[in-house]
Amino acid sequence: KIVDINDVIGRKKDDYTFDVVTNTENGLFIIKYFKKNASYDDLKQCLEIIGSTKMDNIGTLRMVCISEGFDSDILKKYEELEKIKSSTPIDLILVNEKGFSALKISDET
């Protein structure tokens, strides 16, 4: 089931939807699956939405981004993503024909 971020935070911000939002004892664990190649702007938008909502007050443990491809500039600008207001650790996971592989796992725990 897809969980709408606005239902989780209890207020309408926009129509953006995350695939999984789970509240853990250490903060929210968020998964976003991109059906197309994910760009830097796609990931930036996710982080800005987290940072501009009550989700940031709850605290975000981690955001996992899953895609069949990521634009080449994402790794070059990865540090910029980590500096966005939400300062949420970001993991990038590639989907391939045999399963999943990690493209980039945040150093933050």
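The structure displayed is predicted, hence computed values, not measured ones.

Caption draft 1: Focus on the overall build of the protein chain. In terms of helices and strands, the protein chain carries 5 helices and 7 strands. Shown N-terminal to C-terminal, the secondary structure of the protein chain runs as helices and strands in the order β-α-β-β-β-α-α-β-α-α-β-β. In the protein chain, of all internal contacts separated by at least 6 residues, the share reaching a separation of at least 24 is 62%. Carbon and sulfur atoms form 47% of the exposed surface of the protein chain, whose accessible area is close to 6,300 Å².

Caption draft 2: Seen up close, the packing of aromatic side chains. Inspection of the entire model under this criterion finds 0 aromatic pairs. Across the ring face of Phe-34, the terminal group of Lys-32 is positioned such that the distance to the ring centre comes to 5.9 Å.

Caption draft 3: A look at the sheet that holds strand β3 (residues 20-24). The strand order across the open sheet built from 5 strands is β3-β4-β5-β6-β7, with neighbouring strands paired in mixed fashion. Each edge of the open sheet carries a strand with a single partner, namely β3 and β7 (99-104). Adjacent strand axes in the sheet meet at a mean angle of 20°, parallel and antiparallel pairs treated alike. Examined bridge by bridge, strand β4 (residues 27-34) and strand β5 (residues 60-67) share 7 bridges and lie parallel to one another. Residue Phe-29 lies in a different strand from β5, and its bridge partner there is Arg-62. Relative to the sheet, helix α2 (residues 40-51) contacts β4, β5 and β6 (90-96), its axis offset from that of β5 by approximately 155°.

Caption draft 4: Seen up close, the pairing of β6. Where β5 lies against β6, 5 bridges are found, and the strand directions are parallel. Looking at the pairing, Ile-66 lines up with Ile-93 of β6. Pairing analysis gives 5 bridges linking β6 to β7, with the strands arranged antiparallel. The partner of Val-95 across the bridge, within β7, is Phe-100. Linkage of β6 to β7, two consecutive antiparallel strands, is achieved through a turn of 2 residues.

Caption draft 5: View of the side chain of Ser-67. With respect to the element layout, Ser-67 can be found in strand β5. Overall, Ser-67 belongs to the buried group, its relative accessible area being 0%. Within polar-contact distance, the side chain of Ser-67 engages the backbone oxygen of Lys-36 at 3.0 Å. Side-chain polar atoms of Ser-67 contact the backbone nitrogen of Ala-38, separated by 3.5 Å. Setting aside residues up to four positions removed in sequence, Ser-67 forms contacts with Phe-34, Lys-36, Asn-37, Ala-38, Ile-93, Leu-94 and Val-95.

Rules of the game
- Residues numbered from 1 in each chain as written.
- Predicted model: local features only at pLDDT ≥ 70, side-chain atom pairs only at ≥ 80, totals over all residues.
- Heavy atoms only, no water.
- Helix = DSSP H or I, 4+ residues; strand = E, 2+ residues; numbered from the N terminus.
- Contact = heavy atoms within 4.5 Å.
- Areas by Shrake-Rupley, 256 points an atom, 1.4 Å probe, with all protein chains shown as cover.
- Phe/Tyr/Trp six-rings, centres within 6.5 Å; stacked < 30°, edge-to-face > 60°.
- Lys NZ or Arg CZ within 6 Å of the ring centre and 35° of its normal.
- Pairing = 2+ DSSP bridges.
- Axes fitted to C-alpha atoms, helices over the stretch in contact; angles between N-to-C directions.
- Buried < 20%, exposed > 50% of the residue type's maximum accessible area, 1.4 Å probe, protein only.
- Polar contact = N/O pair within 3.5 Å; in protein donor to acceptor, adjacent residues only side chain to side chain.

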